[in-house]
Amino acid sequence: MAGGAVRRTRFAPSPTGLLHLGHAYAACIAARSASPGEFLLRIEDIDRDRCKPKFETTIYEDLDWLGLNWQHPVLKQSDRMAAYGKALKRLDSLCYPCRCRRGDIRAALSAPQEHALPAGPDGLIYPGTCRGRSMAGIGSEDVIRLDVARAFDALGLDRLTFRDEAIMPGHDHNLSREEFLNGIGDVILSRRSMGTSYHLAVVVDDAMQRINVITRGKDLFDSTWIHVLLQKLLDYPTPLYHHHRLIRDSHGRRLAKRDDARAIRHYREEGLTSDDIRLMIGLTP
Ligand code: GLU
């Protein structure tokens, strides 16, 4: 981030369930790191099958109850399909259509057991079966993948870097081309019947909304490499990152949407205050 620039952060939940304590922590961290600065809320609802309007409503209510204030209007990813389509078009020459299903990928990787298969932040590392297919031959059942080796070649880069103000602050995080190819692989930029993917949508929106400090959980640290590569390919600036700790249950497991018992909504109904919630997640009220 350029010295002296106003910090702009965002909290970007998907309305697929009730917000839990992990979301409360992520939202509070994003809002606090924009203090002073600008805090935005973005509704990440590209997965039309899993996102529900009722959960979008509870996001607004719960964040309001937590005492957070965000800028209006709120951007919804479902309104942004044209922008994602345009970005995808710009990357067309570096992409290929892929018809492989999970079973095909598993078979091509030919490991005896699932846990022995190479996996990265997006699941199994794609073995490249469809690489070389032309975008002109794309079918309705195909996903679109980025040919990562060609992307690095087009950029003339042999490594990516970004900075994180929470992890090794003041030093570059580095990933080489080879590490990307072996540990992440040819990522999906457009999923079947979605017209985009989480990675493409988040990069396009963070750039359009001029977010210059991206706060989010450490579980997304490895996905950040995909975002940095896409930022370079689309000529967007790479923001400063802040990957924060995750809120875990008493067994040490990361909270998930299915952990309804830890939903902000339930604590609220039991009569707890937003200060109680902050104390529970280790933040000062
Ligand atoms: N929609 C994503 C989530 O709920 C946000 C990820 C991000 O902050 O980039 O996990």
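For every chain, the first residue of its written sequence is number 1, and the numbers climb from 1 along that sequence. Residues qualify for local features only when their pLDDT is at least 70, as the model is predicted, and side-chain atom pairs are given and counted only at 80 or more; totals for whole chains, interfaces and linings, by contrast, use all residues. Note: side-chain values were computed over all heavy atoms of the structure, leaving out hydrogens and water.

Student: Could you clarify how one ought to interpret the overall build of the protein chain in this entry?
Tutor: Within the protein chain, the secondary structure is distributed over ten helices and twelve strands. As a reference, a globule follows 2.2 Å times the number of residues to the power 0.38, and the radius of gyration itself is taken over C-alpha atoms. Rg of the C-alpha trace for the protein chain: 20 Å, near the compact-globule value of 19 Å for 285 residues, within the 12% margin. Based on the C-alpha atoms only, the size of the protein chain along its principal axes is roughly 60 × 45 × 35 Å. Here the protein chain holds 285 residues, and 50% of them are scored as buried. The contact definition used throughout considers only heavy atoms, calling two residues in contact when any of these lie within 4.5 Å. Put simply, of all contacts in the protein chain between residues at least 6 apart along the chain, 77% involve residues at least 24 apart. If the 41 positive side-chain charges of the protein chain are averaged to one point and the 37 negative ones to another, these points end up 2 Å apart. Helix and strand assignments follow DSSP, with helices taken as H or I runs no shorter than four residues and strands as E runs no shorter than two, numbered in order from the N terminus. Burial classes follow relative accessibility: with a 1.4 Å probe on protein chains only, a residue under 20% of its type's maximum area counts as buried, one over 50% as exposed, and anything between as partly exposed. Residues scored as charged are limited to Lys and Arg (positive) and Asp and Glu (negative), so that His and the chain ends carry no count. Here the site of a charge means NZ on Lys, CZ on Arg, CG on Asp, or CD on Glu.

Student: What's the story with the nonpolar core in this structure? I'm lost.
Tutor: Taken as a class, soluble globular proteins show a tendency for nonpolar side chains to be buried jointly. Counting 38 residues, the largest nonpolar core has L146 and F180 as the members making the most contacts within it. Among the secondary structure elements, those contributing two or more residues to this core are α3 (81–90), β7 (143–146), α5 (148–155), β8 (159–163), α7 (198–208) and α8 (223–233). In terms of residues, this core owes the most to one element, α8, which gives six residues. The next biggest cluster of nonpolar side chains, apart from the first, holds 27 residues, and it includes L21, A26, L255 and L283. We call a set of buried residues a nonpolar core when its members are Ala, Val, Leu, Ile, Met, Phe, Trp, Tyr or Cys and they connect through side-chain atoms within 4.5 Å of each other.

Student: Sorry if this is basic, but what is going on with the sheet that holds strand β3 (residues 75–76) here?
Tutor: The pairing of strands in a sheet comes from backbone hydrogen bonds and takes either a parallel or an antiparallel form. Overall, parallel pairing links the three strands, which are arranged β1-β2-β3 in an open sheet. A single partner strand is all that each edge strand has here, and the edge strands are β1 (8–11) and β3. Between any two strands, at least two bridges found by DSSP are needed for them to pair. Where β1 lies against strand β2 (residues 38–43), four bridges are found, and the strand directions are parallel. Following the sheet pairing, T9 is matched in β2 by F39. Whenever a helix is involved, its axis is fitted only over the stretch in contact; in every case the axis is a line through C-alpha atoms, and angles between N-to-C directions fall within 0 to 180 degrees. Together, β1 and β2 form the strand contacts of helix α1 (residues 21–33), whose direction differs from that of β1 by roughly 165°.

Student: Can you walk me through the site of the ligand in this structure?
Tutor: Residue proximity to a molecule or strand is established when one non-hydrogen atom of the residue lies within 4 Å of it. Residues in close proximity to the ligand include R10, A12, S14, E44, Y198, V202, R216 and L220, which together make up its full environment. Interatomic distance of 2.8 Å between a side-chain N/O atom of Y198 and an oxygen atom of the ligand. By the criterion applied in these results, polar contacts are pairs of N or O atoms within 3.5 Å in which, for protein atoms, one can donate a hydrogen and the other can accept it, and in which residues neighboring in sequence qualify only through two side-chain atoms. Separating an oxygen atom of the ligand from a side-chain N or O atom of R216 is a distance of 2.8 Å. Summarising the interface, the protein chains cover 76% of the accessible area of the ligand, which totals 300 Å² for the free molecule. Residues belonging to the shell around the ligand are distributed by class as follows: four nonpolar, one polar and three charged. Methods summary: accessible areas were calculated by the Shrake-Rupley approach with a probe of 1.4 Å, and residue burial reflects only the protein chains presented. Following the grouping adopted for this structure description, the nonpolar residues are Ala, Val, Leu, Ile, Met, Phe, Trp, Tyr, Cys and Pro, the charged ones are Asp, Glu, Lys and Arg, and the polar ones are all others, Gly among them.

Student: Help me understand the sheet that holds β7 in this model?
Tutor: Strand order in the open sheet formed by three strands is β4-β7-β10, with antiparallel pairing between adjacent strands. Sheet topology places β4 (95–98) and β10 (188–190) at the edges, where each strand pairs with a single neighbour. The sheet shows a mean angle of 45° between the axes of neighbouring strands, direction not considered. In terms of strand pairing, β4 meets β7 through four bridges, oriented antiparallel. Residue pairing for β7: Y96 is matched across the bridge by R145.

Student: I tried to follow the UniProt feature "domain: Glutamyl/glutaminyl-tRNA synthetase class Ib catalytic" (unreviewed entry) in the protein chain on my own but got confused; where do I start?
Tutor: Per the UniProt annotation, the sites labelled "domain: Glutamyl/glutaminyl-tRNA synthetase class Ib catalytic" (unreviewed entry) are residues 8–107 and 183–273. What you have in residues 8–107 is 42% helix and 16% strand, and the ends, taken at the C-alpha atoms, are 45 Å apart. UniProt positions are given in the numbering used here, feature names are shortened, and annotations may be inferred rather than shown by experiment.

Student: Please clarify how the pairing of β2 should be interpreted in this entry.
Tutor: Consecutive residues of a regular strand have side chains that alternate between opposite faces of the sheet. Where burial is concerned, most of β2 is hidden: five out of the six residues are buried. A right-handed crossover is one whose linking path, passing over the helix from the first strand to the second, runs clockwise when the strands point away from the viewer. Crossover handedness for the path β1 to α1 to β2: right-handed. Taken together, the two bridges between β2 and β3 define a ladder with parallel strand orientation. Across the sheet, I43 pairs through a bridge with K76, a residue of β3.

Student: Please clarify how the packing of α5 against α8 should be interpreted in this entry.
Tutor: How two helices sit against one another is set out by the angle between their axes and by the gap between those axes. For the pair α5 and α8, the least separation of the axes is 10 Å and the interaxial angle reads 45°. On the basis of the axis angle, α5 is oblique to α8. Every pair of crossing elements has a handedness; the one defined by α5 and α8 is left-handed. From α5, V148, A151, F152 and L155 reach across to α8, where they touch L229, K232 and L233. Here the residues of the contact of α5 with α8 are counted per class, giving six nonpolar, no polar and one charged. Roughly parallel means an angle under 35 degrees; roughly antiparallel, over 145; roughly perpendicular, 65 to 115; everything else is oblique. When the near helix sits turned anticlockwise from the far one by under a right angle, the crossing is termed left-handed; a clockwise turn instead gives a right-handed crossing.

Student: Explain the environment of L91 to me, please; I cannot follow it from the model alone.
Tutor: Position of L91 among the secondary structure elements: in the loop between α3 and β4. For the pair formed by L91 and L230, sequence separation is 139 residues and the distance between their alpha carbons is 9.1 Å. Ignoring any residue separated from it by four or fewer positions in sequence, one finds L91 in contact with L189, L200, L230, L233 and L234.

Student: Help me out: how do you make sense of the packing of α3 against α7 in this one?
Tutor: One can describe the packing of α3 onto α7 by two numbers: an axis separation of 10 Å at closest approach and a directional angle of 105°. Compared by their axis directions, α3 and α7 come out roughly perpendicular. Residues A83, Y84, A87 and L88 of α3 pack against L200, A201, V204 and D205 of α7. Split by residue class, the contact of α3 with α7 holds seven nonpolar, no polar and one charged.

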